[in-house]
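Here's the letter readout for the chains.
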Amino acid sequence: MSKHPSLKGASQIRKKRNVLKRFERINQLVAEGRWKEGQKVLSALPKTKPEE
């Protein structure tokens, strides 16, 4: 039996993601200078656009 075309390995998927993980958003905010070292946000982080 053959595999369905939608079942691909992680290395073959190169799609742009809409949502960043928490650490990715914090790293992006640090790079933009919008995040201070030691700053704590418990509920919501500021919005960021995914890197292209």
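Read on for a plain summary of the structure. (Residues numbered from 1 in each chain as written. Predicted model: local features only at pLDDT ≥ 70, side-chain atom pairs only at ≥ 80, totals over all residues. Heavy atoms only, no water.)

### Some words on the pattern of salt bridges
Then step 1. The full count for this structure, using the stated rule, is one salt bridge.
Then step 2. Between Arg34 and Glu32 there is a salt bridge, and its shortest N-O distance comes to 3.0 Å. (Salt bridge = Lys/Arg side-chain N within 4 Å of Asp/Glu carboxyl O.)

### Things to note about the environment of Arg34
Then step 1. Within the secondary structure layout, Arg34 lies in the segment after helix 1 (22–32).
Then step 2. With twelve residues separating them along the chain, Arg34 and Pro46 place their C-alpha atoms 8.9 Å apart.
Then step 3. Leaving out residues up to four positions away in the same chain, Arg34 has contacts with Leu29, Gln39, Pro46 and Lys47.
Then step 4. Polar contacts involving the side chain of Arg34 include one to the side chain of Glu32, which spans 3.0 Å. (Helix = DSSP H or I, 4+ residues; strand = E, 2+ residues; numbered from the N terminus. Contact = heavy atoms within 4.5 Å. Polar contact = N/O pair within 3.5 Å; in protein donor to acceptor, adjacent residues only side chain to side chain.)

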